[in-house]
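# Residue-level structure breakdown
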Amino acid sequence: MSFISVKNNQRIKFAEIPVLSYNELYNLIISELKDDANVHCVNYYGVPKGDKIQLICCLANDAKHIINIVSAIVSKNDTLQSVSATHLSFQLFEREIHENFGIGFDGHPWLKPVRYPHSAADKSQKIQNYPFYSIDSEELHEVGVGPIHAGIIEPGHFRFICNGEQILHLEIQLGYQHRGVENLFLLKKKLLQRATLAENIAGDTAIGHSLAFADAWESLCGFQPSKQLQLERALALEQERIAIHTGDLSGICTDIAYQLGNSVFGRLRTPLINYFQRWTGNRFAKGLIRPGKTNFPFTADLRDQWFDVIQAYKPDFIEMAEQMFDLPSVLSRIERTGIVEPQTALQIGMVGMAARASNLNRDVRASHPFGYYQILDYQPVMEPVGDVYCRARIRYDEVLRSVDIMSNIVNIMQFDNQQVKLGNPSPDSFVVSLVEGWRGEICHCAITDSNGDLKHYKVKDPSFHNWLGLALAVRNNEISDFPICNKSFDLSYSGHDL
């Protein structure tokens, strides 16, 4: 029993993935995960194989900088031993497999739907009949929020069970706009259509998801992006990160009625996204990243404009953040509010910024570096407690770290934009692409057929891991603390719903 070990974005032949019995697969996963915080699941999903299903498990070993891949072939409607019974971080992966193929998992805490009705194996399931957890008590009451919200956000339902103002339990139901994104990657045959689809998976992570797709496609083609292309992509990724982090600090200030912080951070976000407008023609940088090339080469004039923006931004950002984190009225609302203990973050498999705020080291830039980060030796920013304060503070620290990274990138730019032919994808191949978006670990897995076209495409947004973290964070807090806890995570509905 063994895995095949690969690096991030390393192409292999699909037939090289070991195929085990399910019991062997289960025992191998359990043995790999046992008491090792450096090992976690980046993807676990099913691929149709005739009348069977091939389960593919990708376990990242962060200490060794490798991804271990293994598979098993099972039948639809089989009942299998649940990994989630031992490692809760698998609970959503198994629920998704159950939803799509009808496969049961014995010992799973609750095989509820994830995103139906788009691809549910049981077409009788309706989102209106979602089986919310309930407690029969005359002393407790339920509060339902959504799926329609007052702000311009996507639909999601939050069901609170409260004792007075205290939250005992929160259940979050998403899936109201399950768009079938993964299947669209197969239906759309032009590369431009697929690249456009990738950058629209989650609107606030256009760079992160489009980069994951570009890396995966280029790996399938055996294409090595130039140094200039890698620098431009890293610059865009970090620019997206600081823009969203700054906006989130504004949102956190809004939810604690700190109007000065809301106004200043909101003002500071604007020139960051307006810079994308100058570079790419839109404020989300859509159209910038394309497999094998860039649509908008970085220029000396753009370099000068970038320095102008950052030199105006950085001192005001530092001054506002330092004042925010020194103000007693702010600290009284964010310290010890919405805590996710480090052990809990590990158990449920949290990733990215929210995990690092709970002292869990999850950062693809360091553990599975890609592009420019392969030579950067990035050291993740960590916080110890896992409360709203830590999730806010880590944004501040990461912004300053990202500004330093971008300054170095801009200073070493050579403006050599010579295009190299991309080539065609290798047939019967498999690749895992990991990118550290601003929320955390983005994973795209691609499989090609005998002609080199996409046969299966799997997307995982970091929100997939972290929504449960939000649900646990609000327990024993007052219901009025929910907005600030929610904003401190700032998770994606569309990234989860796909």
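Presented here is a report on the structure given in the accompanying data block. (Residues numbered from 1 in each chain as written. Predicted model: local features only at pLDDT ≥ 70, side-chain atom pairs only at ≥ 80, totals over all residues. Heavy atoms only, no water.)

## Quick notes on the environment of Asp62
Positionally, Asp62 belongs in the loop between β5 (52–61) and β6 (66–75). For Asp62, a relative accessible area of 8% translates into the label buried. Sequence separation between Asp62 and Asp308 is 246 residues, and the spatial gap between their C-alpha atoms is 37 Å. Excluding residues that lie within four positions of it along the chain, Asp62 makes contacts with Asn38, His40, Asn361, Arg362, Ser367 and His368. A distance of 2.9 Å separates a polar atom in the side chain of Asp62 from a polar atom in the side chain of His368. (Helix = DSSP H or I, 4+ residues; strand = E, 2+ residues; numbered from the N terminus. Buried < 20%, exposed > 50% of the residue type's maximum accessible area, 1.4 Å probe, protein only. Contact = heavy atoms within 4.5 Å. Polar contact = N/O pair within 3.5 Å; in protein donor to acceptor, adjacent residues only side chain to side chain.)

## Notes on the layout of surface pockets
Each pocket or cavity is described by its volume, and for the largest pocket that value is around 1,000 Å³. Lining the largest pocket are 36 residues, and of these Ile153, Asp204, Asp248, Lys487 and Asp490 sit closest to its centre. At nine residues, helix α6 (residues 227–255) tops the list of elements feeding residues into the lining of the largest pocket. In this structure, the second largest pocket spans a volume of roughly 580 Å³. Lining the second largest pocket are 25 residues, and of these Gln91, Arg95, Lys112, Glu171 and Leu468 lie nearest its centre. When residues of the lining of the second largest pocket are traced back to their parent elements, those giving at least two are α2 (91–101), β11 (166–173) and α14 (463–473). Residues that form the lining of the second largest pocket fall into these classes: 16 nonpolar, five polar and four charged. (1 Å grid on protein atoms, 1.4 Å probe; cavity = no way out; pocket = protein on both sides within 12 Å on 5 of 7 lines; lining within 4 Å. Points joined across faces, edges and corners; volume = space filled by probe spheres on them. Nonpolar A, V, L, I, M, F, W, Y, C, P; charged D, E, K, R; others polar.)

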